[in-house]
Number of protein chains: 2
Amino acid sequence: MKVVLVGSGNVATHIALALKAAEIAVVQVWSKQTQNAKTLADQIQADVLTNLSEIDQQADFCIVSIKDDAITSITKELIGFKGVVVHTSGAVNLDVFETYFEKYGVLYPLQTFSIKKEVDFTSVPICIEANQEKTLQSIRQLAEKLSRNVIEVDSDKRKILHLAAVFACNFTNHLYVLSSDLLANYDLDFEMIRPLILETAAKVQHALPRAVQTGPAIRNDEQTLKKHEELLLKQPQLLNIYQTLSKSIKKTKK
Amino acid sequence: MKVVLVGSGNVATHIALALKAAEIAVVQVWSKQTQNAKTLADQIQADVLTNLSEIDQQADFCIVSIKDDAITSITKELIGFKGVVVHTSGAVNLDVFETYFEKYGVLYPLQTFSIKKEVDFTSVPICIEANQEKTLQSIRQLAEKLSRNVIEVDSDKRKILHLAAVFACNFTNHLYVLSSDLLANYDLDFEMIRPLILETAAKVQHALPRAVQTGPAIRNDEQTLKKHEELLLKQPQLLNIYQTLSKSIKKTKK
């Protein structure tokens, strides 16, 4: 199995490392920034692809892992590729490839990746989709070498997963940011709240979040809610977030 | 060292188990619901205290771990107790005990507890405070038997910690709830998003959350933000949360 990788960002890098760990050959790496392609290619003993028209026509897969709005323009340059072309985006439709390729699909790893932090890819849910059954089987074969958690998900459901991930990951991390800012304002160390953050995530690994909701809003503890609002009087935007989320928590109780 | 425990909820239960693990004798347990007191007392081989006026006067500590707004009324019934009285609340001032006792303080474990889920108490940050230095030393001695992470924090800072914990824990769990509701509406399994939730919390254990923020809002990916808003058009309250938090993320970038 031979793979060409288009992209060198967080997702592309983690996929490259997972492919290497699975002993799948990445033969070429392309990036808009050739230097980034070189850095990644060096890590996985691949060649740098400088011109997309020179893609290895013997490759079985081309994995396009770049910004959503660049997929169409970059893809055009791959016309003629005979292998399977997949993108790795949560939000982009399968049919973005329709007019350009015969065999195409999606391989969307539902996880948050940072260049510097290792991830156990074998437990990352991978959502796959394809334009035909045979291609889906090829993509499944590839995905199952990377993870034991491969699920077929159509474009509409994948978009919902992506949106749900924004709530569970991006918005959650932002709450950590707001929390750390609050602490910093009072010379309190973010370290103090780290065990709480980890436990909050650990609790829902076996329970449903609704069953483990705690805090003043779910208890209807109006006295504490009022005290907290008073502490936030000078930060109207933070107060707005506090009130919006508290109201939403109360609503789920009904 | 002998301890009387007033309360039988989540926090009281986990403190009781941590005391037992540290081989500190809990001699009596009181609860508004005597049956709950009995259940907890049985687990830690303590007696049930049915009438607060019969508190063991030989005890070194009385730990009051009940609802914030019940602390004053319950405390009154303990007048005359000669040991150290502490509460475990993040939001209640130290001086709630002022008119009733000689030696008093706070022992606030900064963690989220559920009755059913075990917690490694030895790593839970415990915030302590007292009305006098000698009492503070006694409380520190007790707290350090429960955790290796004991910090002196005054009432004002403790309130900020409690508020920061609402953002990092209660609000975060609510985002998990919203995420799971979204998935359920489209017959998608919450299981698919659990690894993402855990990794999001794991990422900030060594980094600051601001440094690892990802998602469409921080990338100013207007196309994806717009697509997500369209998916939420029929859920105005969820849309409001989406827009409020996305706006707040963009603001942190400036």
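Structure's up top.
Read on for an overview of the structure. Everything numeric here is computed off the predicted structure, so don't read it as measured data.

Another aspect to go through is the interface of chain B and chain A. Contacts between the two partners involve 76 residues from chain B and, on the opposite side, 76 residues from chain A. Those elements that place two or more of their residues in the side of chain B that touches chain A are α5 (155-185), α6 (194-203), α7 (222-231) and α8 (236-253) of chain B. Here the side of chain B that touches chain A gets 24 residues from one element, more than from any other, and that element is α5 of chain B.

Residues and elements named next belong to chain B. Phi at Glu23 is positive, roughly 60°, even though this residue is not glycine. For Glu23, the position within the fold is in the loop between α1 (10-21) and β2 (25-30). Its 8 C-beta neighbours within 10 Å are what place Glu23 among the exposed residues. Residues other than glycine seldom take positive phi values, yet Asp187 does so here, at roughly 55°. Turning to its location among the elements, Asp187 is positioned in the loop between α5 and α6. The exposed category is assigned to Asp187, around which 8 C-beta atoms lie within 10 Å.

Contact geometry for helix α8 (residues 236-253) of chain A and α8 of chain B: axes closest at 11 Å, N-to-C directions at 150°. Taken together, α8 of chain A and α8 of chain B sit at an angle that is classed as roughly antiparallel. As for the relative orientation of α8 of chain A and α8 of chain B, their crossing is left-handed in sense. On α8 of chain B, the residues touching Gln237, Asn240, Ile241, Thr244 and Ser248 of chain A of α8 of chain A are Gln237, Asn240, Ile241, Thr244 and Ser248 of chain B.

Residue and element names in this part refer to chain B. Read across the open sheet, the eight strands follow the order β3-β2-β1-β4-β5-β6-β7-β8; overall the sheet is mixed. Edge positions in the sheet fall to β3 (47-48) and β8 (150-152), since each has one partner strand and no second. Here strand β4 (residues 61-64) runs beside strand β5 (residues 84-87); their pairing, made up of four bridges, is parallel. Paired with Phe61 across the two strands is Val84, which belongs to β5. Together, β4, β5, β6 (104-109), β7 (126-130) and β8 form the strand contacts of helix α4 (residues 133-146), whose direction differs from that of β7 by roughly 165°.

In regular strands, side chains alternate between the two faces of the sheet. Residue and element names in this part refer to chain A. Where burial is concerned, the two faces of strand β4 (residues 61-64) agree: the one with Phe61 and Ile63 and the one with Cys62 and Val64 are both buried. Pairing geometry for strand β1 (residues 2-6) and β4, over four bridges, is parallel. Bridge assignment links Val4 to a residue of β4, and that residue is Cys62. A crossover links β4 with its parallel partner strand β5 (residues 84-87), the connecting element being helix α3 (residues 71-76), and its sense is right-handed.

All names here are of chain B. Along β5, one buried face is formed by Val84 and Val86 and the opposite face, lined by Val85 and His87, is buried too. Sheet topology places β5 next to β6; three bridges connect them, and they run parallel. Bridging from a neighbouring strand, Val86 pairs with Gly105 of β6.

When chain B is fitted onto chain A, the two copies agree to an RMSD of 0.1 Å after a turn of 180° and an axial shift of 0.0 Å. The superposition of one copy onto the other is thereby described by a two-fold rotation axis. Nearest to the rotation axis, the C-alpha of Thr172 of chain B is located 2.7 Å from it, this being the minimum over chain B. Same-surface contact between copies: 100% of interface residues of chain B are shared with the interface of chain A.

Each value, and the rule that gives it
- Residues numbered from 1 in each chain as written.
- Chains lettered and ligands numbered in written order.
- Predicted model: local features only at pLDDT ≥ 70, side-chain atom pairs only at ≥ 80, totals over all residues.
- Contact = placed C-beta atoms within 7 Å.
- Helix = DSSP H or I, 4+ residues; strand = E, 2+ residues; numbered from the N terminus.
- Buried ≥ 20, exposed ≤ 12 C-beta atoms within 10 Å, placed from the backbone.
- Axes fitted to C-alpha atoms, helices over the stretch in contact; angles between N-to-C directions.
- Parallel < 35°, antiparallel > 145°, perpendicular 65-115°, else oblique.
- Left-handed = near helix turned anticlockwise from the far one by under 90°.
- Pairing = 2+ DSSP bridges.
- Right-handed = clockwise from strand over helix to strand, strands pointing away.
- Least-squares fit on C-alpha atoms with pLDDT ≥ 70 in both.

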